[in-house]
Amino acid sequence: MSITTLDGKHFARMIQSGAQNLQNNVEFVDALNVFPVPDGDTGTNMNLSMSSGAKEVGTKETENIGEVGQLLARGLLMGARGNSGVILSQLFRGFAKSIEGKTVVDSEEFAAAFQAGVETAYKAVMKPIEGTILTVAKESAEKALNIAKTEKDVTLVMKAVLEEAKASLKRTPDLLPILKEVGVVDSGGQGLVIIYEGFLASLEGKNLPNVTEVQPSMNELVNAEHHKNAQGHMNTEDIKFGYCTEFMVKFDDNKLASFPFSEEAFRNDLSEFGDSLLVVADDDLVKVHIHAEHPGEVLTYGQRYGSLINLKIENMREQHSTIVQKTEKPSLPKKQKEYGIVTVAMGQGVSALLESIGATVVLQGGQTMNPSTEDLVKAIEDTNAKKVIILPNNSNIVMTAEQAADVVGKDVVVVPSKTVPQGMTALLSFNAERNLAQNKQEMTNALENVKSGQVTYAVRDTTIDGIEIKKDDFIGIHEGKIVTKAHSSLEAVQLLLSKMIDENDEILTVLYGEETNGEDIAKLEQHIDEKFEDVEFEIHEGKQPVYQYIVAVE
């Protein structure tokens, strides 16, 4: 059946279908990461962003397509994570602006909305790169404009948009050599194609393959458990299991040989330690949330199957007592500070180090866990400061930080730090006596004074920049480029240091991750002493996931 006008109800169904299709294909999009490192998060970021938009659309039923567009734009804005999520939010921000005030749209207005989205997204990106989601959006929008000149059926215009998006996606390796070298298409472009597939399926009244009901995330499940738990405990002494314990177990093949993993048996065994138990497992790891009286016993049990990562243990009795005291005696509002600094990092040790050199709020995030616009807005508010500086410490968070600064609309600036070492250097350059513009300039200039490096492991075989890499090799990354590989993380960091340190460098700082052992640290100290005797160095326990070592050289 031909659809000559598109109303709010139809568009809302398209959005839900697009969001669902993306959710079903998150792992596929994540796997298109150019680098073979465990930080492929484009699919995850786009999914969380699109899900936020779809959720907002679901809060109001309306036949007015302009209103639906505004709901989508608002949800995407606040839920945007990572560069891909921010660009997606900008695409539909422009789309929504184009249909604002309209009850329905015809095929030409529908096509024009895609084009308006492209124009908004390109303006939002300081240096647009072709061969990415931007190109896929642009070329498919151009196709829509041409088709809509003669085609009145909205469904057929959407079909043309999808066909051109797929063709454009196939061409992305021709525009970005790194994609061709690694043998993948652009991950953000692929995510957009998947959303468009959902749009078309909705218009055609079809069900996409493998569509499942939206499953709540682990965080949503945890929040639900905490809500139920809070309802059941009116007095602190009523709390039977006093420690909220969350962690992940990254499976170890050697340990699994002795203790084969069964999710059902694992869940049953853990249920003996407490209540509010949640267990979510996949092929590589298992996530756990439990309220236990002896969390150490829970962690020891988990270690049977592999290494522990992302640990968080909170004393619920202390929390409950604090809440009760605050309820009984409201505190006076705190005096607003002149300056606040928000920074992003993962790992207790890294966070503590950043706080010790001046960070007001350290938001937990980074590779694989990009904070949303809303997360950053809340962090800005938590500083209770008149002027706020944001240090993203990750290239994939810079755009989100800038979007959050725009949302807040007060004296907030972003210093575009792309690594933790850059964030540290910028913090040390802050001077409370300067005005906001001066601080931004000086802190931004300071980013050039530090060299950044990381060591992590490869998640697949590949060849990049002439280096042949095998799955599980450890790789050294210098300023975003893979420069070395090794069979151990210790060897990788030693090789990385030899690539990074030259005769003009004076200071070396190393942050080691949660999976790095003490024996390797002792060997690394000895290596630095012998190899770089003129360099002053400090080694800190960062406890960060993903990266075995983070290196700063000045």
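Residues numbered from 1 in each chain as written. Predicted model: local features only at pLDDT ≥ 70, side-chain atom pairs only at ≥ 80, totals over all residues. Heavy atoms only, no water.

Visitor: I'd like a description of the sheet that holds strand 18 (residues 549-553), backed by residues and values.
Guide: The strand order across the open sheet formed by six strands is 15-14-11-18-16-17, and the pairing between neighbours is mixed. Of all strands in the sheet, those bounded by a partner on one side alone are strand 15 (481-486) and strand 17 (536-541). In this sheet, adjacent strand axes meet at a mean angle of 20° when their direction is disregarded. Of the pairings in the sheet, the one linking strand 14 (residues 474-478) to strand 15 comprises five bridges and is antiparallel in character. Looking at strand 15, one finds that Gly476 is bridged to Thr484. (Pairing = 2+ DSSP bridges. Helix = DSSP H or I, 4+ residues; strand = E, 2+ residues; numbered from the N terminus. Axes fitted to C-alpha atoms, helices over the stretch in contact; angles between N-to-C directions.)

Visitor: Any chance you could break down the packing of aromatic side chains for me, citing the residues and the numbers?
Guide: Using the criterion set out here, one finds 17 aromatic pairs in the structure. Taking the centre distance of 5.5 Å and the plane angle of 75° together, the rings of Phe266 and Tyr305 count as edge-to-face. Here the residue Phe266 occupies a position in helix 13 (residues 263-270), and Tyr305 occupies one in the loop between helix 14 (295-302) and strand 6 (306-315), the gap between them amounting to 39 residues. The same class applies to Phe266 and to Tyr305, which are both buried. Ring geometry for Tyr339 against Phe430: centres 5.0 Å apart, planes inclined by 80°, an arrangement best described as edge-to-face. Remark: Phe430 occurs in the loop between helix 19 (420-428) and helix 20 (436-446) and Tyr339 occurs in strand 7 (residues 337-345); sequence separation between them is 91 residues. Looking at Tyr339, the relative accessible area reads 10%, which means it is buried. Among the residues examined, Phe430 registers a relative accessible area of 24% and is labelled partly exposed. Clustering of aromatic rings is evident, with ring pairs tying together Phe11, Phe92, Phe95, Phe110, Phe114, Tyr196 and Phe199. (Phe/Tyr/Trp six-rings, centres within 6.5 Å; stacked < 30°, edge-to-face > 60°. Buried < 20%, exposed > 50% of the residue type's maximum accessible area, 1.4 Å probe, protein only.)

Visitor: Describe the nonpolar core, and please don't skip the residues or the numbers.
Guide: The biggest cluster of nonpolar side chains holds 58 residues, and the ones touching the most others in it are Leu6, Phe11, Met50, Phe110, Met158 and Tyr196. Within the residue set of this core, elements represented by two or more residues are helix 1 (8-24), helix 3 (42-57), helix 4 (65-79), helix 5 (82-99), helix 6 (107-124), helix 7 (133-148), helix 8 (154-175) and helix 10 (187-204). Looking at this core element by element, the count peaks at eight residues for helix 10. Discounting residues that sit within four places of it in the chain, Tyr196 has contacts with Phe114, Ser140, Met158, Val161, Leu162 and Ala165. (Core = buried A, V, L, I, M, F, W, Y, C linked by side-chain atoms within 4.5 Å. Contact = heavy atoms within 4.5 Å.)

Visitor: Which residues make up the packing of helix 7 against helix 10, and what are the values?
Guide: Here helix 7 crosses helix 10 at 40°, and the two axes come no closer than 7 Å. Between helix 7 and helix 10, the angle falls in the class oblique. On helix 10, the residues touching Ile133, Val136, Ala137 and Ser140 of helix 7 are Gly188, Gly189, Leu192, Val193 and Tyr196. Of the residues that constitute the contact of helix 7 with helix 10, the class distribution is six nonpolar, three polar and no charged. (Parallel < 35°, antiparallel > 145°, perpendicular 65-115°, else oblique. Nonpolar A, V, L, I, M, F, W, Y, C, P; charged D, E, K, R; others polar.)

Visitor: Residues and numbers for the pairing of strand 10 (residues 411-414), please.
Guide: Judged from the four bridges that link them, strand 9 (residues 385-391) and strand 10 form a sheet pairing that is parallel. Along strand 10, the bridge assignment pairs Val388 with Val412. In this region the chain leaves strand 9, passes through helix 18 (residues 398-408) and returns to the parallel neighbour strand 10; the handedness of that crossover is right-handed. (Right-handed = clockwise from strand over helix to strand, strands pointing away.)

Visitor: Give a description of the pairing of strand 16 (residues 507-512) that names residues and reports values.
Guide: Among the six residues in strand 16, five count as buried, and that is most of the element. As paired strands, strand 16 and strand 17 are joined by six bridges and run parallel to one another. Counted as the bridge partner of Leu508 is Phe537 from strand 17. With helix 22 (residues 518-531) bridging strand 16 and its parallel neighbour strand 17, the resulting β-α-β unit is right-handed. Examined bridge by bridge, strand 16 and strand 18 share five bridges and lie antiparallel to one another. By the bridge assignment, Leu511 is partnered in strand 18 with Ile550.

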